[in-house]
Amino acid sequence: MSKRTLINDAVQERDFFQDVMDVVRQVPRGRVTSYGAIAKYLGAPRSARLVGWCMNNAHVQRPHVPAQRVVNSIGLLTGKHHFATLTAMQELLAKEGVKVKDDQVVDFRNKFWDPAVELGL
DNA sequence: TCCATGACGAGAT
DNA sequence: GATCTCGCCATGG
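These numbers were taken from a predicted model, which means no experiment stands behind them. Throughout this description, residue numbers start from 1 for each chain and increase along the sequence as written. Here every chain gets a letter starting at A, and every ligand a number starting at 1, in the order they are written. With the structure being a predicted model, the display of local features is reserved for residues of pLDDT at least 70 and the display and counting of side-chain atom pairs for 80 or more, all residues being used for whole-chain, interface and lining totals. Only hydrogens and water are removed before side-chain values are computed, so all heavy atoms of the structure are retained for them.

A. Region of the structure containing the overall build of chain A. Labels follow the DSSP assignment, with helices taken as runs of H or I lasting at least four residues and strands as runs of E lasting at least two, numbered in each case from the N terminus. The helix and strand inventory of chain A stands at six helices and four strands. In chain A, the order of α-helices and β-strands from amino to carboxyl end is α-β-α-α-β-α-β-β-α-α. For every residue, the accessible area (1.4 Å probe, protein chains only) is compared with the maximum for its type, and the residue is labelled buried under 20%, exposed over 50%, or partly exposed between those bounds. Split into buried and exposed, the 121 residues of chain A put 42% on the buried side. Put simply, 64% of the contacts in chain A that link residues at least 6 apart link residues at least 24 apart. In what follows, a contact means two residues having at least one pair of non-hydrogen atoms within 4.5 Å.

B. Representation of the protein's contact with DNA strand B. Think of it this way: one heavy atom of a residue within 4 Å of a molecule or strand is enough to make that residue near it. Neighbouring DNA strand B are 15 residues, the closest being Tyr35, Arg49, Met55, Ser73 and His82. When atoms of DNA strand B within 4 Å of the protein are split into backbone and base, the sugar-phosphate part holds 45%. At a separation of 3.3 Å, a phosphate oxygen of DNA strand B approaches a polar backbone atom of Gly36. Within the contact set of DNA strand B, a phosphate oxygen lies 2.9 Å away from a side-chain nitrogen or oxygen of Thr78. For the surface near DNA strand B, the secondary structure elements donating two or more residues are α2 (35-41) and α3 (48-54). Ranked by the residues each element gives to the surface near DNA strand B, the list is headed by α3, at three residues. Looking at the surface near DNA strand B residue by residue, the classes come out as five nonpolar, nine polar and one charged. Identification of polar contacts relies on pairs of N or O atoms within 3.5 Å, with a donor-acceptor requirement for protein atoms, meaning one able to donate a hydrogen and the other able to accept it, and with residues adjacent in sequence counted only if both atoms are side-chain atoms. Charged means Asp, Glu, Lys or Arg here, nonpolar means Ala, Val, Leu, Ile, Met, Phe, Trp, Tyr, Cys or Pro, and polar covers whatever is left, Gly included.

C. Structural detail: the layout of surface pockets. Using only the protein atoms, space was sampled on a 1 Å grid; points where a 1.4 Å probe fits but cannot get out form cavities, open sets with protein on both sides within 12 Å along at least five of seven lines form pockets, and lining residues are those with an atom within 4 Å of a point. Grid points are joined across faces, edges and corners, and a volume is the space filled by probe spheres set on the points. Volume-wise, the largest pocket comes out at about 340 Å³. Every residue lining the largest pocket is counted, 18 residues in all, and those nearest its centre are Met55, Ala67, Gly79, His82 and Phe83. Of the residues in the lining of the largest pocket, the class split is 10 nonpolar, eight polar and no charged.

D. Structural detail: helix α1 (residues 16-25). Of all 10 residues that make up α1, seven are buried, and the element is covered over most of its length. Among the residues of α1, Phe17, Gln18, Asp19, Val20, Met21, Val23 and Val24 are the ones counted as buried. The inward-facing, buried residues of α1 contact α2, α3, β2 (70-71) and α6 (115-118).

E. Representation of the side chain of Gln61 in the model. As for its position among the elements, Gln61 is in the loop between α3 and β2. A relative accessible area of 9% places Gln61 in the buried class. A polar atom in the side chain of Gln61 sits 3.4 Å from the backbone oxygen of Asn57.

F. Looking closely at the environment of Phe108. Structurally, Phe108 is set in helix α5 (residues 108-111). Residue Phe108 is classed as buried on the basis of its relative accessible area of 10%. Note: C-alpha distance between Phe108 and Met21 (87 residues apart in sequence) is 22 Å. Not counting chain neighbours up to four residues away, the residues in contact with Phe108 comprise Val32, Val71, Asn72, Ser73, Ile74 and Gly75.

Nothing here speaks to function; it is all geometry.
Here it is in structure tokens:
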């Protein structure tokens, strides 16, 4: 982090970072969402990449953030390299009832959870 | 300041 | 579908 930390920056009325964490925490077990969906829900449809950047700090958040439920737009577990082990993300999902094959969520479109729809926009 | 990089996405071919 | 390219925003050298 730098002097202008995102986590404690109170300048913004509601941190984009905190918003991301909140949305991710609301993803129900057995469901997954995408970086782009979160970005869109927060009013920054072109900032999916920023959401991914925020996730770099997800693992140190309290309470815990279920980062394993966030994948890219086609259901690929692109963030698994940031977990303790390469299989941690997949195992966590499997434990919640989300099957993963070749780093890809099985039946992704059916398990997709869109905050803009589920939480209302 | 400029440039490369990154848990991304959408559109074009 | 598979690839490529470009736009996105923040960070670090």
